[in-house]
Amino acid sequence: MNENRYSRQILFAPIGVAGQERLRNSRVAIVGMGALGTVLSNHLVRAGVGFVRFIDRDFVEPSNLQRQMLYDEEDARQHLPKAIAAYEKLSKINSDVALEPIVADVTAFHAEKYLSDVDLILDATDNFQVRYLINDVAVKHNIPWIYGGAVSATGTYTAIRPGETPCLRCLFPEAPKPGTTATCDTAGVIGPIIHVVASYQATEAFKILLQATNAYNPHLEHFDLWNNTHQQIKVLKAKRPDCPTCGQRQFEFLETSPDDELATALCGRDTVQLSPREAITLDLSQLAKRLAPLGTVEQNRFLLRFYIDPYTLVIFPDGRVLVQNTDDIATARSLFAKFIGN
Ligand SMILES: [Zn+2]
């Protein structure tokens, strides 16, 4: 590809030739490749950010297509993991960029491995537990990160620069209690708010990668596209010396014990996720042979689906299993024990 592909962005004075080179030498990790992640990665990859790692635990489903802009009906039909489907699209969009797709859940076991060797972390998840993990890694390793979230027609973002701005725990000492905030369970979401939030995040990402300090947005921004409101909240003074994370440097979300709960009910999905405590590698073909007499088995290169009425088990090579059609962790565990073993 010729050098002109970035010409319009190089003409933009705050970037210029030097800025473009700087973007080329930058490394970014995106956590989550749902709605926000697909928009973020699209912006970063087209802009020529040199290395983009993206991590997602899920596969493409028809209900994603309304807003997750990199995926199509064929991806959903094939049940492709989102990271893989995104990789296939993004590598066609810009072959100059080094892409690293990772099909995994970001847990305390993995967070530092995936997030501590980049210049910037972008939050494209839908849950606070993962955000607290990102916040721990970011503060511990002094890496800026950009929080983003969207639900219904509303969205929020703020850039967290360790040592300068409040961290996530200064702003939200505890995760919102289930049921107290609108979630994907109850409120739904429209596509445009995703693009608004992710585009603000991507712009702030460019500024941080270019160290355009004069242009940094120090605020937390909240948008309601349906009701035509926009709030800019001054948060710089919210930095708390007694914050356990950035004040006392205790990274409790990264600390795990063998008793930690590794089963999670996924928001709005009627699905429970079970993660192995240690890295394992499952031979999916062998497992498929063993399960075939017991129910319907479908396999692609990246995962195996096992239908055992009324449940579906989606099994990944790293031992992670999604149990669909239940939100009951005990049921999920017993299905796992029965069909996959310990
Ligand atoms: Zn803090």
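Quick caveat: nothing in here was measured; it's all calculated off a predicted structure. (Residues numbered from 1 in each chain as written. Predicted model: local features only at pLDDT ≥ 70, side-chain atom pairs only at ≥ 80, totals over all residues. Heavy atoms only, no water.)

**Q** Mind showing me how you'd approach the coordination of the zinc ion here?
**A** Angles at a metal have ideal values that depend on geometry: 109.5 degrees with four tetrahedral donors, 90 or 180 degrees with six octahedral donors. Taken together, Cys167 (SG), Cys170 (SG), Cys243 (SG) and Cys246 (SG) make up the full set of protein donors to the zinc ion, lying 2.2 to 2.3 Å away. One can describe the site at the zinc ion as tetrahedral: its four donor atoms subtend angles covering 96 to 123° at the metal. Here the donor residues of the zinc ion share one chain and are spaced in sequence as C-x2-C-x72-C-x2-C. No difference in accessibility class separates Cys243 from Cys246, as the two residues are buried. (Donors = N, O, S within 2.8 Å, 3.2 Å for Na, K, Ca; no water. Tetrahedral: all angles 85-135°; square planar, octahedral: opposite > 155°, others 65-115°. Buried < 20%, exposed > 50% of the residue type's maximum accessible area, 1.4 Å probe, protein only.)

**Q** Just checking my understanding: could you explain the packing of aromatic side chains for this structure?
**A** The description of two aromatic rings rests on the distance between their centres and on the angle between their planes. The tally for this structure, following the rule as stated, stands at nine aromatic pairs. Judged by centre distance (4.7 Å) and plane angle (15°), the rings of Tyr132 and Phe253 are stacked. Highlighted residues: Tyr132 in helix α7 (residues 128-141) and Phe253 in the loop between β8 (229-234) and β9 (263-266), separated in sequence by 121 residues. With relative accessibility at 2%, the residue Tyr132 sits in the buried group. (Phe/Tyr/Trp six-rings, centres within 6.5 Å; stacked < 30°, edge-to-face > 60°. Helix = DSSP H or I, 4+ residues; strand = E, 2+ residues; numbered from the N terminus.)

**Q** Would you mind going over the pairing of strand β14 (residues 321-324) with me for this structure?
**A** Each regular strand displays side chains that alternate between the two surfaces of the sheet. Alternating positions in β14 separate into two faces, Val321 and Val323 on one and Leu322 and Gln324 on the other, with burial throughout. In this sheet, β14 lies alongside strand β10 (residues 271-274) in antiparallel orientation, the contact comprising four bridges. Opposite Val272, over in β14, you have Val323 as the bridge partner. With antiparallel pairing between neighbouring strands as the criterion, strand β13 (residues 311-315) and β14 make up a hairpin whose turn holds five residues, including Gly319 at a positive phi of roughly 90°. (Pairing = 2+ DSSP bridges.)

**Q** What is the right way to look at the environment of Thr107 in this model?
**A** Looking at where Thr107 falls in the secondary structure, it is placed in the loop between β3 (98-103) and α6 (111-115). Counting along the chain gives 27 residues from Thr107 to Ile134, while the straight-line C-alpha distance between them is 9.7 Å.

**Q** In this structure, what is going on with the sheet that holds strand β1 (residues 27-31)? I would like to understand it.
**A** Two strands in a sheet stick together by hydrogen bonds in their backbones, pointing the same way (parallel) or opposite ways (antiparallel). Strand order across the open sheet formed by eight strands is β3-β2-β1-β4-β5-β6-β7-β8, with mixed pairing between neighbours. Whereas interior strands pair on both sides, the edge strands pair on one side only; in this sheet they are β3 and β8. Taking the axes of each pair of neighbouring strands and ignoring which way they run, one obtains an average angle of 15° across the sheet. Pairing geometry for strand β2 (residues 51-56) and β3, over six bridges, is parallel. Within the sheet, the bridge partner assigned to Asp56 lies in β3 and is Val103. Helix-sheet contacts for helix α3 (residues 35-47) involve β1, β2, β3, β4 (120-123) and β5 (145-151), and the interaxial angle to β1 is about 165°. (Axes fitted to C-alpha atoms, helices over the stretch in contact; angles between N-to-C directions. Contact = heavy atoms within 4.5 Å.)

**Q** Explanation requested: the domain arrangement of the chain in the structure shown.
**A** Where interface size is quoted, it is often the accessible area lost as the parts come together. Per the domain assignment, the segments making up the chain are domain 1 (6-234) and domain 2 (262-340). Counting residues at the interface gives 17 residues for domain 1, matched by 21 residues for domain 2. Together, Arg57, Phe59 and His79 form the three largest contributors to the area buried by domain 1 at its contact with domain 2, with a combined 35%. The tally of links from domain 1 across to domain 2 stands at one salt bridge. Between Arg301 and Glu88 there is a salt bridge, with its nearest N and O atoms 3.7 Å apart. Taken together, the links from domain 1 to domain 2 amount to five residue pairs in polar contact (both at pLDDT 80 or more). Looking at side-chain class alone, the side of domain 1 that touches domain 2 contains eight nonpolar, three polar and six charged residues. (Domains from an automatic or database assignment. Buried area = accessible area lost by both parts, 1.4 Å probe. Salt bridge = Lys/Arg side-chain N within 4 Å of Asp/Glu carboxyl O. Polar contact = N/O pair within 3.5 Å; in protein donor to acceptor, adjacent residues only side chain to side chain. Nonpolar A, V, L, I, M, F, W, Y, C, P; charged D, E, K, R; others polar.)

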